[in-house]
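Structure assessment
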Amino acid sequence: MSHQPNGADGLERAGLGEKTWAEMREIADRYPEKRSGLLPMLHLVQSVEGRITPEGIEACAEILGISAAEVNGVATFYTMYKRKPVGDYHVGVCTNTLCAVMGGDLIFERLKDHLDVGNDETTEDGKITLEHVECNAACDYAPVMMVNWEFMDNQTPESAVQVVDDLRAGREVHSTRGPRLCTWREAERVLAGFPDDRADEGPAAGPASLAGLAVAREKGWTAGADRSATESSGAKGESK
Amino acid sequence: MSTTDKAPEKVDTGLVTLTIDGVQVSVPKDTLVIRAAEQVGVQIPRFCDHPLLDPVGACRQCLVDIPDAGNGRGFPKPQASCTLPVAEGMVVNTQATSEVADKAQQGIMEFLLINHPLDCPVCDKGGECPLQNQAMSNGRGESRFAERGGIKRTFPKPINISAQVLLDRERCVLCARCTRFSEQVAGDPFIALAERGALQQVAIYEREPYESYFSGNAIQICPVGALTSADYRFRSRPFDLVSTPGVAEHDACGAAIRVDHRRGKVMRRLAGNDPEVNEEWISDKDRFAFRYAQVADRITYPQVREDGELRPASWTEAFAVAARGLRDAGAAAVLTGGRLTAEDAYAYAKFARVSLGTNDIDFRARPHTAEEASFLASHVALSGDVTYADLEAAPVVVLLGLEPEDEAATLFLRLRKAAQRGRTQVVSVASHASRGLTKMNGRLVPAAPGTEVEVIGSLKDAEHGVTKDAVILVGERLAQTHGALSAAADLAAGTGARIAWVPRRAGDRGAVEAGALPNLLPGGRPLTEASARVDLGAAWGADTLPAKVGRDGNAIVAALAKGDLGGLVVGGVDPDDTADPAAFRAALDAARFVVSLELRETDVTRVADVVLPVAPVADKAGTFVTWDGRARSFDAVFANPASLPDLRVLSGIADELAAIGHGRPLGFRTVAEVRDEMQSLGPWDGARPALDAGKAPKPVKAPRKGETAFALATWKQLVDLGSMQDGEEHLRATARRPVARVSRASYESVLGMLEAQPGGDQLVTVTGDRGSVTLPVVVADMPDGVVWVPARSFGRGVLAELASPGSTVTLKGATS
Amino acid sequence: MTDTLTPVLTDNWDADRAWTLASYEERGGYAALDKAFAMTPDAVIDTVKDSGLRGRGGAGFPTGMKWGFIPQDNPRPKYLVVNADESEPGTCKDIPLMMASPHTLVEGVIVSSYAIRANTAFIYVRGEVLHVIRRLQRAVQEAYLAGHLGKNIHGSGYDLDLIVHAGAGAYICGEETALLEGLEGRRGQPRLRPPFPAVAGLYASPTVINNVESIASVPSIITNGAAWFAGMGTEKSNGFGIFSLSGHVTNPGQYEAPLGITLRELIDLAGGMREGHELKFWTPGGSSTPLLTPEHLDVPLDFESVGAAGSMLGTRALQLFDETTCVVRAVLRWTEFYKHESCGKCTPCREGTWWLTQTMARLEKGQGDEGDLDLLLDQCDNILGRSFCALGDGATSPISSSIQHFRDEYLAHLTHGGCPFDPAASTAFAPVGAPA
């Protein structure tokens, strides 16, 4: 039952298209309680609309039987949801302390200058939206830049400029630890729970992720049991 | 309390004993520390805490030190007392005795004020502001933020979140009382927190204003000046106001209100606190609709008609002219609206019998039936089986012909509370699941108009859970289907469930008790009981009382038209509320003499021979009897000697009639005297009359075969064009948009396949035997062949301009 | 002796296509399922209890005990929710784990859900890690197809559905009740406790919320036994954990070692601090854990010892800063982070971080006076322990610890009229050996 006071009960608003409506319902149905679908549904709205639109908010409200004010409250709480249209590529430069110190601040300044945009602004050609982001859990690759939430590790101002230039020129760019970059809208669709075909691209782990393992391999260190062992418990448990 | 000599045994009283600021206190288990502290006289400052909302612990203003949680260990850090239940042996030190608690509270207060504009001198809340007050009592004198060059968060100044409610985000302390009230209590989550961190704010969705019937409560519980009403903004200062308790006059719920006034004018109304009735909530209509008594067409002096024109007259002259006119007109009758106080209704009831010598009196200025009159005598008068609190205890509450959110808003909130707690299932027999029913998680048992008897009969089935613990609430609209009230009574009798009647107007139940009916005398005395007539006649000093059952409203109208009746006394009737407005107007024209007691000019006063101004509720004391049989008395807000209650006016006419040999004086002139007389008369203690459904009326024309014949379902929305909302532009602007509702199949049969209509609504024209109306149409889960429209939200309303409820109308698509 | 490094969770990260089911199964993956299904759920809980595994998300609450709190007489469904919202500044262990070996987590989810008798589980993964989400989605899909998820798993009669749920950008959703709000489609603001999630969590049903690394550790415990796990680490901090080294160290990265290893050992394994520089300050477990200094290099990195040193083990997010780094700038940036991430629910965190940021910003610019330091400490005192959840507490940690250790550096900003450091010198791309 809709809470819309304007009496649109039962009448779907146009704008998003039948397919999107159906997919939004599909998302809601994944969960024991429909409202759990709201975050992925909003990702789906962004994949279709390029931002959170009023039509998207109203569709979520109607499907979930909650008020549009409640949807709006959620959509404005999470920073990945954008009110303004986002470019084809969302470039996020980590300027949390560690990355900032390691060069993120300089990268961000350089990109603002190079792209002639401020924070959370989009280039005139609609290609790049630049934003500084908080820690993205890749500190061992600092300074880190995210493009459409793919890792671009160990950046320098020069490498970052190269990335955005390549993107604007339409050249294929790969994540340093992942696949070919897709567009921001395509990325949002994956976040909505509709996978693309890129899961198998890129390595299992980048070099920093393997740093400790490499040392262990070199030294022959192990945890004293391998996954197939069944009777080896306590093998190295003498010392505490 | 033990009355035996033995030492009282240690019993589990459910009490928990703790020490607060060195004082031992015992409170019920689960009491929150913040409220336990109140028991020892310590007021812990708070913002988000509200006793009728779920604890949230957000503002952190109420931090206290707990050196011992009752288990010998203390909390290392101060605790929010609004979320902490008491424990046996707990030790609590508040700001009164603990430096830690005091510093914690001062720290929070300092944080709250850094982004507050401190614009108290221009703020409506100034002088009654918890933030202001607690900043004085629990804050520091100087701002370290400001003195060190802190930069405040700023927002554009107030924004309208509805036509009535304004939000000043800079003043907001984000306690979320308003959003929690709207979600938890009203069920209207059209305001919600948005953004986050220091930018968090209360927000509506841009296309969906905060249109809730209860939005004013959010304003009232705002602990700062963030929410204000367009109605009251910048109008007065709390210290200039005088407060008088009152009772809301807009429905039969009897909500306690506080009337704040200045120099003879009501400036605002607030919810009073009555845990047994409205708790601390009232509807926006109860809060904002009071200017009807202050509008320009208010009648301020008596008038008599001379040469076809009304002219001013003295009270004495008007009484005399009225008395002579009534004497000369022949048989006379009395019609009143449902807005009378019980005392006034009693005066009309006595006036009819003693002065006019008739039982031709009816308070039901709305569609009504003989079955209903019988039901009121058999099941309603003197009843008091069901209370508000009982609704919360009932496993099932059945609604028959009653839409509480629109027709009894206070009752709605209590029902919703019961439903939210998950112990009460609301079952509604109605044309469709209204928003109110949805908000109560209620179950619809759909009934097309006219089919209620069978549908109510089916409620006996076990699946509906109507047992002896259930409560059946019957709305006045149920009378519109013959046999439905009897079916409701049968359901109650068959299941043992209790039954209560919930009329829509504040005076209806009091009028039943006062005997403003053709078949009932005051105190629930059945007219047909000779002993009742004799007792009453003796009490009234009248030799005999008329024994013949009087005409009801419909019969009075018919008799006037026919000439069988010549005189009419009308008190507070809007012709467009009557069963057949055209017939009513014709009856007024046909009457030989009409006396009108009215507040404002109406179509009655325009044709009346004598017009006598009467006092609005603010000008008089009185009593409203609630749907649950509670007498809610109130005093006059204003002492206005020129503003007379109906009962004083009637006694004046009665005196003049007695002087010319008709009847006798009523024997009272004041409200107090009427109360005394009603008190000494007491209630009827004999048997209640049996319910008699009477003859079925002539069957209405069978719906024509064809796709466009629809049965008309209707009720009045809470906020509509009713005359007691006149003058309230802000309130009116929050009314629900009038729409017509039909089933999906009906929609498609009338308008073709249902398709999304971007940017516009499909319109439909509904045509009945009294006219047509064109409204946007929406689909609802209702039986096919039924159309619902709001009764008083367009033009002169359904009764005047469309058709009688339950009758057949036609539909066709329309373009704007 | 336990080896210095003990790769278990990281052990297959260098395998070819490690993220695939084929690779994972080739190394014995999903064998823990049959072993667990042969046990009663309670026995699984007991094994985890016996192992001494403590929550790897920062707080260190014993995992088996948490599972034991689930009221099994409660008729409502039980839920397992994996907290994969890794967002604490400096923390970067769960993300590479899920990228390289999502099946380790999925296997852990199955065993853990079986133990608490949940038939639905969720992985709440932060939204800003697209490729990790792809790998999780793929792993779950593969596991369904292989019969590791779904109905009657491995013929055991046990059913489990697993849903990968992408968040949308909110640090606070790492707080478990805020995470539940997010998972229920609401604003991620923490809930009042009690009721605790174990009693009334997701959909008001009994719910266990565990960190990725905690759940991922479960299969190895089942496979190798509680004693094996408990045999590593220290007396009260059993087992291994992933230590994440970042910042001015020669080889930053993930080092999986028994709890109790010291930072000195870890830096040594990581090739030392970057050439020509020395450690100035560090976080043991993310930005919310009070800063430590070189004097703490030999503190065993276990829950108790780091606590005794005045900080917290947290998520073992070891952010290392050398002498080129301005501590005031570093702390200001963290403070801005907390301000940005404060959910807004409670006053001290919402308003306090707003104010702290302004005070810190003035100091960093060399404005203000020494009284501002006392003001900062008093603000921190009014936030710490007064906030609704730990986010507010975390915001105070860098400030109070940095004033404790580096008061003179704050004062130097005042006497210098600004920051005396060259930000270029601290970058990863600064010339080797550049002076501070």
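Let me sum up the structure you'll find in this document. Because the structure is predicted, anything quoted here is derived from the model rather than measured. (Residues numbered from 1 in each chain as written. Chains lettered and ligands numbered in written order. Predicted model: local features only at pLDDT ≥ 70, side-chain atom pairs only at ≥ 80, totals over all residues. Heavy atoms only, no water.)

1. Notes on the overall build of chain A
Helix and strand counts for chain A stand at eight helices and five strands. Reading chain A from its N terminus to its C terminus gives the helix and strand order α-α-α-α-β-α-β-β-β-β-α-α-α. Looking at chain A as a whole, 63% of its 240 residues qualify as buried. Sequence-distant contacts in chain A: of pairs separated by 6 or more residues, those separated by 24 or more amount to 61%. A total accessible area of about 8,500 Å² is found for chain A, and carbon and sulfur atoms account for 46% of it. (Helix = DSSP H or I, 4+ residues; strand = E, 2+ residues; numbered from the N terminus. Buried < 20%, exposed > 50% of the residue type's maximum accessible area, 1.4 Å probe, protein only. Contact = heavy atoms within 4.5 Å. Areas by Shrake-Rupley, 256 points an atom, 1.4 Å probe, with all protein chains shown as cover.)

2. Concerning helix α7 (residues 184-191) of chain A
The complete set of buried residues in α7(A) reads Trp184(A), Ala187(A), Glu188(A), Val190(A) and Leu191(A). Along the long axis of α7(A), the arc covered by the buried residues comes to 155°, so they all point the same way. Taken together, the buried residues of α7(A) touch α2 (38-49) and β1 (89-94) of chain A together with α7 (130-145) and β3 (161-166) of chain C. Downstream of α7(A) by one or two residues, Gly193(A) has phi in the positive range, about 95°. (Arc of directions from axis to C-beta.)

3. Some remarks on helix α19 (residues 553-562) of chain B
Residues and elements named next belong to chain B. Every buried residue of α19 is accounted for by Gly553, Ile556, Val557, Ala559 and Leu560. All buried residues of α19 lie within an arc of 165° about the axis, which places them on one face of the element. Facing away from the buried side of α19 by over 90 degrees, the exposed positions are Ala561 and Lys562. Its buried side turned inward, α19 meets β16 (332-336), β17 (361-362), β25 (567-571) and α20 (581-590). One or two residues past the end of α19 sits glycine 563, with phi positive at roughly 95°.

4. Quick look at the nonpolar core
Core analysis: the largest hydrophobic core is formed by 185 residues, its most contacted members being Tyr78(A), Trp67(C) and Val125(C). The contacts of Tyr78(A), once residues within four sequence positions are left out, are Leu39(A), Arg196(B), Tyr124(C), Ala168(C), Gly169(C), Ala170(C), Cys173(C), Gly182(C), Arg186(C), Arg187(C) and Gly188(C). Core analysis: the next-biggest nonpolar cluster, separate from the first, contains 97 residues, Ile20(B), Val42(B), Ile44(B) and Cys62(B) among them. (Core = buried A, V, L, I, M, F, W, Y, C linked by side-chain atoms within 4.5 Å.)

5. Observations regarding the side chain of Ser175(A)
Residues and elements named next belong to chain A. Mapped onto the elements of the fold, serine 175 is located in the loop between α6 (157-168) and α7. A distance of 3.0 Å separates a polar atom in the side chain of serine 175 from the backbone nitrogen of arginine 177. One polar contact links the side chain of serine 175 to the main-chain amide nitrogen of glycine 178, over a distance of 3.0 Å. (Polar contact = N/O pair within 3.5 Å; in protein donor to acceptor, adjacent residues only side chain to side chain.)

It is worth stressing that arrangement in space is one thing and function is another; only the former is reported here.
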